[in-house]
Each structure stands twice: as structure tokens, then as C-alpha cells.
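Spelled out from the first residue to the last, the chains are:
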Amino acid sequence: HGAARANAGRSTDFGQYITQVSIKKEVDGSWVEAGQLTSGDSVRVTISYTIPAGIVGEDSRTIHYQLPQGIGLREREEGTVMNGSDAVGTYSIDTNGMITMTFDHVFADDQPFTGDLTFGGTVTATGGEEDDEIIFGGSGGSITVTPKEEESDISIAKAGWYEASVQAIGYTIKVSSEKGTDGPVSLTDSFLTGNISYDMDFSGYSFKVTGADGQEI
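If you're wondering where the values come from, they're calculated on a predicted model, not measured in any experiment.

## Here we look at the sheet that holds strand β8 (residues 77-83)
Piece 1. The strand order across the open sheet built from five strands is β1-β6-β10-β9-β8, with neighbouring strands paired in mixed fashion. For this open sheet the edge positions go to β1 (11-13) and β8, each flanked by a neighbour on one side alone. Strand after strand, the sheet turns through a mean of 25° between neighbouring axes, direction not considered.
Piece 2. Of the strand pairs in this sheet, strand β9 (residues 86-93) and strand β10 (residues 98-103) are connected by five bridges, and their pairing is antiparallel. Counterpart to serine 92 in the pairing with β10 is threonine 100.

## Description of the pattern of salt bridges
Piece 1. One pass over the full model with this rule turns up one salt bridge.
Piece 2. Residues arginine 76 and glutamate 78 are paired through a salt bridge, measuring 3.0 Å at the closest nitrogen-oxygen approach.
Piece 3. For arginine 76, a relative accessible area of 46% gives the class partly exposed.
Piece 4. Owing to a relative accessible area of 52%, glutamate 78 belongs among the exposed residues under this scheme.

## Considerations on unusual backbone geometry
Piece 1. In the Ramachandran plot, aspartate 28 falls in the positive-phi region, its phi being about 55° despite a non-glycine side chain.
Piece 2. Relative to the helices and strands, aspartate 28 is located in the loop between β2 (18-27) and β3 (30-33).
Piece 3. A relative accessible area of 79% means that aspartate 28 is categorised as exposed.

## As for the nonpolar core
Piece 1. By size, the foremost hydrophobic cluster in this structure holds 36 residues, and its most contacted members are Phe14, Ile47, Ile99, Phe103 and Phe119.
Piece 2. When residues of this core are assigned to their parent elements, the largest contribution, five residues, is made by strand β5 (residues 42-51).
Piece 3. Not counting chain neighbours up to four residues away, the residues in contact with phenylalanine 119 comprise Val43, Arg44, Val45, Ile47, Leu67, Ile71, Leu73, Glu77, Ile93 and Ile99.

So, how was this worked out
Residues numbered from 1 in each chain as written. Predicted model: local features only at pLDDT ≥ 70, side-chain atom pairs only at ≥ 80, totals over all residues. Heavy atoms only, no water. Pairing = 2+ DSSP bridges. Helix = DSSP H or I, 4+ residues; strand = E, 2+ residues; numbered from the N terminus. Axes fitted to C-alpha atoms, helices over the stretch in contact; angles between N-to-C directions. Salt bridge = Lys/Arg side-chain N within 4 Å of Asp/Glu carboxyl O. Buried < 20%, exposed > 50% of the residue type's maximum accessible area, 1.4 Å probe, protein only. Core = buried A, V, L, I, M, F, W, Y, C linked by side-chain atoms within 4.5 Å. Contact = heavy atoms within 4.5 Å.

Right, dumping it as C-alpha cells:
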């Protein structure tokens, strides 16, 4: 299709001609209209458009549209543009979200037409910790994407011993996490002794950090 694209003439941004954008996500094995989206959701996007007369002709067989930030594809997608049951051209969507459609010579006759394009992608919140609104062109409306909550956990265990004959104690503090923490971890340990006098000996003190495999880091 390289030669066909090379001779396709000027390209028109069809964002202003979008009439509807449908976003569906997979729920329990079925694709349903997305009432709420979370960053990282896989979605199926359908863009409907109405191209007026005089836009797609012999010297202007290509139209394009840049998807808004927040809608992305993992890999480049290519396919056939359909008009009902008829193949009327080809399309490509690159990983940066640029949609390009090139129509066949026979179809590009300066007449108005309607169509739609369906593809799979991923939504991503780009507003940090705040909800992000993705706005489409024309009458495509917008969708809101909620940032994904990062899972984290932390647990602390303390074990020790007391030897009355020498009036000594020793103990170990273990701080661990299965899913990771949401920031730096500070550990503070103290003795509440009242009026008890004591001497501290840190000669046997040690501090170790180990990974998930138990090996010291």
C-alpha cells in the first residue's frame, strides 16, 4: 500500500467530524460501556464520524486524527476501512495514537459519507494522583480516568529474650513488606523505663536488609 499512500494527496484532520466515541471495557468476559475507567484498563474504542462533501476526493484520499493523550496502543495496528460490507481503504494507528485512513480511488469521489473505526487500546491517567479527563474531538465527548491505587503493605514484628541472672535483655525487630511500601520507611525504637537505670551495649547490634528471596541486599 506504500504507493497508494504516497499518491493520496493532502490529508484532512477529521477530528472535527467525529460524531460519537464509544468506550467499552471488559467485565466478566463481556465488553460493556465503560461507566468508570481506571488507569491501566484495556478498552475497546469505536470512533464514529461523518465526512462532508468535498473532503475525500481524488487528490485528498487521506484523513487523520491524533488520539488525545491517555489513549494508547501497545503496538502499531493496521487494517481495512469498511463501509457497510465493502472494503473502501486501509487504516493504521501508531503507538503514539495517530490514526491515518487512506481511501481507495473508486470510493474517493468527493461525496459525503459516514463510518466508524474500532480498535483496542489502554487508558492511562496522566494527571498524577487526580482524576484525568480525556477529551475527544468534534462531538466525541470525554471520559474520566481514575488513577490506579498502588497496593502496599508493611508489618512489624518484635521478638526478644530476658536473662534474670545477668539482668540482660536482647531483641530483634523485623520490618517486612509483601507488596512494597508507598514511600520511605522510618523505624524508631525506645525504652519506657520509668525510674529504672540501665546500661546499653550495642556491641552486638546488627542491621540487615534482605530481598524477597531472603538474600541480604
